[in-house]
Amino acid sequence: MVLRFEAVEKSFRDSEGRVPVLRDISFGLEAGQTLALRGESGSGKSTLLHIAGALEDADSGQVWVSGQDLTQMDDRARAALRRTDIALVFQQFNLIPSLSVAANIAFQAALAGPVDRAHIDHIVQALGLSAQLNKYPEALSGGQQQRVAIARAIAVKPKLMLADEPTGNLDEDTAEDVLEQMLALVAQTGAALMVVTHSPAIAARMDRQLHLRGGRLT
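In short, a report on the structure. Please read these numbers as outputs of a predicted model, since none were measured by experiment.

A closer look at the overall build of the protein chain
Part 1: Each helix and strand in the protein chain was counted, giving 7 helices and 10 strands.
Part 2: Here the C-alpha atoms of the protein chain give a radius of gyration of 17 Å, agreeing with the 17 Å that 2.2 N^0.38 yields for 218 residues.
Part 3: Here the C-alpha coordinates of the protein chain stretch approximately 50 × 35 × 35 Å along the principal axes.
Part 4: The 218 residues of the protein chain split such that 48% are buried.
Part 5: Relative to all contacts within the protein chain whose residues are 6 or more apart in sequence, the contacts with residues 24 or more apart total 73%.
Part 6: Of the roughly 10,200 Å² of accessible surface on the protein chain, a fraction of 47% belongs to carbon and sulfur atoms.
Part 7: The positive charge centre, built from 21 side chains, and the negative charge centre, built from 26, are 4 Å apart in the protein chain.

Spelled out as structure tokens, the structure:
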């Protein structure tokens, strides 16, 4: 099991007190599986994804990634796990503007350890980025930038890939093409993939779907 939530609870505080966001969340995701997480805006989808990505703490319950209990890890250990086992792709591409496409793709992989150049070359070719490697993000279209973000994530050879509305900024045809390429590459690496999405079409491409309503999974 690559990802496991057990009775996870999360709330935030506002002017009126504590507001529950996640209630008794339990599910698992195995290597090679793809999962769509759906729900209305404000239902807690992104919060759940951030907890899975070791970016936020749960208030209670347990979260395991690659057999390691995030709730028992300090910030340094969680950061190390994010470098090696977890990759994130967001709707905003979050590329480093001062780095070339090639340097952006290799950035996280270099932090994780020796860079597998053959692996990166394969990703670059699969995503159609070979002619863009010496360019900078500002010179790329939105679709190309998202391909770079996906390449950067997969270059790490993550065990768990988390994507938050990864095609939300793209037109329909480009979104379909990018999704197709991302799913093919994830399948080749054997990573587990969880995608937060509003799109029924994207959700239908995943092995499983979960829905968040009122902070609970249905």
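After that view, the rundown keeps rolling.
Notes on the sheet that holds strand β10 (residues 216-217)
Part 1: Spatial strand order, β6-β7-β8-β3-β9-β10: 6 strands in an open sheet with mixed pairing. Since the sheet does not close on itself, it has two edges, and those belong to β6 (86-90) and β10, each with one partner.
Part 2: Alignment of strand β9 (residues 208-213) against β10, held across 2 bridges, turns out to be antiparallel. Paired with Leu-212 across the two strands is Leu-217, which belongs to β10.

Let's talk about the packing of helix α5 (residues 142-155) against helix α6 (residues 172-189)
Part 1: Contact geometry for α5 and α6: axes closest at 10 Å, N-to-C directions at 10 degrees. Between α5 and α6, the angle falls in the class roughly parallel. Contact residues: Gly-143, Gln-146, Arg-147, Ile-150 and Ile-154 in α5; Thr-174, Asp-177, Val-178, Gln-181, Met-182, Leu-185, Val-186 and Thr-189 in α6.
Part 2: Of the residues in the contact of α5 with α6, the class split is 6 nonpolar, 5 polar and 2 charged.

Brief notes about the sheet that holds strand β4 (residues 60-65)
Part 1: Read from one edge to the other, the open sheet built from 4 strands follows the order β2-β1-β4-β5, with strand pairing classed as antiparallel. A strand with exactly one partner marks an edge of an open sheet, and here the two such strands are β2 (17-29) and β5 (68-69).
Part 2: Two elements, β4 and β5, share 2 bridges in a ladder whose sense is antiparallel. Across the sheet, Trp-64 pairs through a bridge with Asp-69, a residue of β5.
Part 3: Together, β1 (3-14), β2 and β4 form the strand contacts of helix α1 (residues 45-52), whose direction differs from that of β1 by roughly 125 degrees.

A few points about the side chain of Gln-181
Part 1: On the secondary structure map, Gln-181 appears in helix α6.
Part 2: Not counting residues up to four positions away in its chain, the partners in contact with Gln-181 are Ala-126, Leu-127 and Arg-147.

Quick notes on the pattern of salt bridges
Pairing between side chains of opposite charge can happen when their charged atoms approach one another.
Part 1: Evaluated as defined, the whole model comprises 9 salt bridges.
Part 2: Measuring nitrogen to oxygen at the nearest pair gives 3.8 Å for the salt bridge that ties Lys-159 to Asp-85. With a gap of 74 residues between them, Lys-159 in the loop between α5 and β7 (160-164) and Asp-85 in the loop between α2 (75-84) and β6 connect regions that are remote in the sequence.
Part 3: A residue is classified by how much of its surface remains accessible, and Lys-159, at 42% relative accessible area, is partly exposed.
Part 4: On the accessibility criterion, Asp-85 (9% relative accessible area) is buried.
Part 5: Arg-205 serves as the salt-bridge partner of Glu-176, at 3.1 Å between the closest nitrogen and oxygen. In this pair, Glu-176 is assigned in helix α6 and Arg-205 in the loop between α7 (200-204) and β9, connecting sequence segments 29 residues apart.

Section: the packing of aromatic side chains
Part 1: For the structure shown, the criterion picks out 1 aromatic pair.
Part 2: Ring centres 5.0 Å apart and planes at 25 degrees place the aromatic pair Phe-5 and Phe-27 in the stacked group. Of this pair, Phe-5 sits in strand β1 while Phe-27 sits in strand β2, placing them 22 residues apart in sequence.
Part 3: Judged by its relative accessible area of 9%, Phe-27 is buried.
Part 4: The ring of Trp-64 is capped by Arg-4, whose NZ or CZ atom sits 4.5 Å from the centre of that ring.

What counts and how
Within any chain, residue numbers begin from 1 and follow the written order of that chain's sequence. With the structure being a predicted model, the display of local features is reserved for residues of pLDDT at least 70 and the display and counting of side-chain atom pairs for 80 or more, all residues being used for whole-chain, interface and lining totals. The side-chain figures draw on all heavy atoms in the structure; neither hydrogens nor water molecules are used. Numbering of helices and strands runs from the N terminus, with a helix taken as a DSSP run of H or I at least four residues long and a strand as a DSSP run of E at least two residues long. A radius of gyration in this sense is built from C-alpha atoms; the matching globule rule multiplies 2.2 Å by the number of residues raised to 0.38. Relative accessibility under 20% of the residue-type maximum defines a buried residue, over 50% an exposed one, and the middle range a partly exposed one, all with a 1.4 Å probe and only protein chains included. In this description, contact between two residues means that some pair of their heavy atoms is separated by no more than 4.5 Å. Calculation of accessible area relied on Shrake-Rupley with a 1.4 Å probe; when residues are assessed, cover is drawn exclusively from the protein chains displayed. Only four residue types enter the tally: Lys and Arg on the positive side, Asp and Glu on the negative side, with His and both chain ends excluded. By convention, the charge on Lys lies at NZ, on Arg at CZ, on Asp at CG and on Glu at CD. When DSSP finds two or more bridges between two strands, those strands count as paired. Fitted lines through C-alpha atoms give the axes, limited to the stretch in contact for helices. The angle between two N-to-C directions lies from 0 to 180 degrees. Under this scheme an angle from 65 to 115 degrees is roughly perpendicular, one under 35 degrees roughly parallel, and one over 145 degrees roughly antiparallel; angles in between are oblique. The nonpolar class holds Ala, Val, Leu, Ile, Met, Phe, Trp, Tyr, Cys and Pro. Asp, Glu, Lys and Arg form the charged class, and all remaining residues, Gly among them, are polar. Basic side-chain nitrogens of Lys or Arg form a salt bridge, by our definition, when they fall within 4 Å of a carboxyl oxygen of Asp or Glu. Here a Phe, Tyr or Trp ring, Trp counted by its six-membered ring, pairs with any other such ring whose centre lies within 6.5 Å, and the pair is stacked when the planes are under 30 degrees apart, edge-to-face when over 60, and tilted otherwise. Definition used: whenever NZ (Lys) or CZ (Arg) falls within 6 Å of the ring centre and also within 35 degrees of the ring normal, the charge is taken to sit over that ring.

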